[in-house]
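# Inside the fold
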Amino acid sequence: MTHVENELNSQPECWIRAAEQAGRHRGALPEPGERVAVVGCGTSYFMAQAVAGLREAAGQGETDAFAASEFPYGRSYDRVVALTRSGTTTEVLELLGRMSGRTRTTAVTADPGTPVRTAADDLVVLDFADERSVVQTRFATSALTLLRAHLGLHTDAVVADARTALAAPLPEALVECGQFTFLGRGWTVGLANEAGLKMREASLSWTEAYPAMEYRHGPISVTTEGTATWMLGAAPDGLAEQVRATGASWIEEELDPLAELVRVQRLAVAVAAARGLDPDQPRHLTRSVILAP
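Notes on the structure follow. Predicted model only: the values in this text are computed from it and were never measured.

About the thresholds
Residues numbered from 1 in each chain as written. Predicted model: local features only at pLDDT ≥ 70, side-chain atom pairs only at ≥ 80, totals over all residues. Heavy atoms only, no water. Helix = DSSP H or I, 4+ residues; strand = E, 2+ residues; numbered from the N terminus. Rg over C-alpha atoms; globule rule 2.2 N^0.38 Å. Buried < 20%, exposed > 50% of the residue type's maximum accessible area, 1.4 Å probe, protein only. Contact = heavy atoms within 4.5 Å. Areas by Shrake-Rupley, 256 points an atom, 1.4 Å probe, with all protein chains shown as cover. 1 Å grid on protein atoms, 1.4 Å probe; cavity = no way out; pocket = protein on both sides within 12 Å on 5 of 7 lines; lining within 4 Å. Points joined across faces, edges and corners; volume = space filled by probe spheres on them. Nonpolar A, V, L, I, M, F, W, Y, C, P; charged D, E, K, R; others polar. Pairing = 2+ DSSP bridges. Axes fitted to C-alpha atoms, helices over the stretch in contact; angles between N-to-C directions. Expected span 1.5 Å × (residues − 1). Parallel < 35°, antiparallel > 145°, perpendicular 65-115°, else oblique. Left-handed = near helix turned anticlockwise from the far one by under 90°. Salt bridge = Lys/Arg side-chain N within 4 Å of Asp/Glu carboxyl O.

## Some points on the overall build of the protein chain
Secondary structure summary: the protein chain contains ten helices and nine strands in total. A compact globule built from 293 residues should have a C-alpha radius of gyration of about 19 Å, and the protein chain, at 18 Å, falls within 12% of that. Dimensions along the principal axes, computed over C-alpha positions, put the protein chain at roughly 55 × 40 × 40 Å. Here the protein chain holds 293 residues, and 57% of them are scored as buried. Within the protein chain, residue pairs in contact and separated by at least 24 positions form 72% of the contacts whose partners lie at least 6 positions apart. Of the roughly 12200 Å² that the protein chain leaves accessible, carbon and sulfur atoms contribute 48%.

## Section: the layout of surface pockets
For the largest pocket, the calculated volume is near 390 Å³. Lining the largest pocket are 24 residues, and of these C41, G42, T286, R287 and V289 lie nearest its centre. For the lining of the largest pocket, the secondary structure elements donating two or more residues are α3 (43–57), β3 (79–84), α4 (90–99) and α8 (188–203). It is α8 that contributes the most residues to the lining of the largest pocket, three residues altogether. Looking at side-chain class alone, the lining of the largest pocket contains eight nonpolar, eleven polar and five charged residues.

## With respect to the side chain of D256
Inspection of the secondary structure puts D256 in the loop between β9 (249–252) and α10 (257–274). Judged by relative accessible area, D256 falls into the buried class, the value being 12%. Apart from residues lying up to four places away in sequence, D256 is in contact with R148, V158, D161 and W187.

## Examining the sheet that holds β9
Pairing is parallel across the open sheet formed by four strands, whose spatial order is β7-β6-β8-β9. Each of the sheet's edge strands pairs with one partner strand only, and the pair in question is β7 (206–211) and β9. Averaged over neighbouring strand pairs, the angle between their axes works out to 20° when direction is ignored. Pairing of strand β8 (residues 227–232) with β9 involves four bridges; the strand directions are parallel. When the sheet's bridge partners are listed, W230 is paired in β9 with I251.

## Structural notes on α8
In this model, α8 (16 residues) spans 22 Å end to end at C-alpha, consistent with the 22 Å of a helix rising 1.5 Å per residue. The element α8 is extensively covered by neighbouring structure, given that 15 of its 16 residues are classed as buried. Just past α8, the residue L204 takes up positive phi, approximately 60°.

## Digging into empty space enclosed by the protein
Across all of its chains, the model carries two cavities of 30 Å³ or more by this definition. Space inside the largest cavity adds up to approximately 60 Å³. Lining the largest cavity, in full, are P30, V36, V38, V51, R55, V81, L147, H150 and L151. Elements with a contribution of two residues or more to the lining of the largest cavity: β1 (36–40), α3 and α6 (138–150). Here the residues of the lining of the largest cavity sort into seven nonpolar, one polar and one charged. Looking at the second largest cavity, the residues that line it are V4, L8, V135, T137, K198, A202, Q265, A268 and V269.

## Quick look at the packing of α3 against α8
With their axes 7 Å apart at the nearest point, α3 and α8 run at an angle of 160° to one another. By the angle between their directions, the pair α3 and α8 is classed as roughly antiparallel. Between α3 and α8 lies a crossing whose hand is left-handed. Here α3 contributes T43, F46, M47, Q49 and A50 to the contact with α8, which in turn contributes G190, L191, N193, E194, L197 and K198. For the contact of α3 with α8, the per-class residue count stands at five nonpolar, four polar and two charged.

## What about the pattern of salt bridges?
The tally for this structure, following the rule as stated, stands at twelve salt bridges. Here D64 makes a salt bridge to R75, at a shortest N to O gap of 3.6 Å. Taken together, the residues span a long stretch of sequence, with D64 in strand β2 (residues 63–67) and R75 in the loop between β2 and β3 at a distance of eleven residues. Look at the salt bridges and you will find they share partners, linking E34, R79, R104 and D122 into a network.

In structure tokens, the structure reads:
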């Protein structure tokens, strides 16, 4: 079994621990009414998108998500939350350095023995969710669970759904599909983006991701037999029928969307195995992007 398989299978237990951490770190996490930016790179950026969608929808305050390299320094925020598994990503550390003394910062990381420890004002450590695989699974979803619990939006049902996602068979014939499209709405747009990235990283698959209502505005034109269109969350009325009419497979379940992401992680590993790839070591990728000065 690969490292990524072991790690994705441990997510229900990691989520329980992450939710428990939320209360202990209340002072380090955004307060209601604060204007907040959540930042990250790669997978962490897509988790930031999900956090921003959840927080705004919960009426907790204006919340933006940015790739760390694209942060708008001309804007004013009460707090910047950085998601960084390694604690060594160059763009995140540079952002935290520029924010020092100007805006309160919080870093959520898996490794406290890294430069992020002194770069951020507050530190939340999820070391139990650290990973050996280059491909992120449990740290990303545990960080999101921490913040979801902080917003009062995490329940035991999410963990139960994750266990179902790990135990239930994947939809038939998905491994043979040539193209995968992931759709979301609101906070699950970030999950859709992450689902597409996971398939690209682990299995070199042709994947795309869109807000669900945008799918009719052009992207559906490439949908055909051999395409799998996977909806994370509730679909817009009529979209499933329109996709099926193209000959594509439509996947939509009633599990919590974060648990649905676990199923996509499993699919990425299954497709990698079918193609003879090592999902722990994606080509051209490293565990952390550290740029030379």
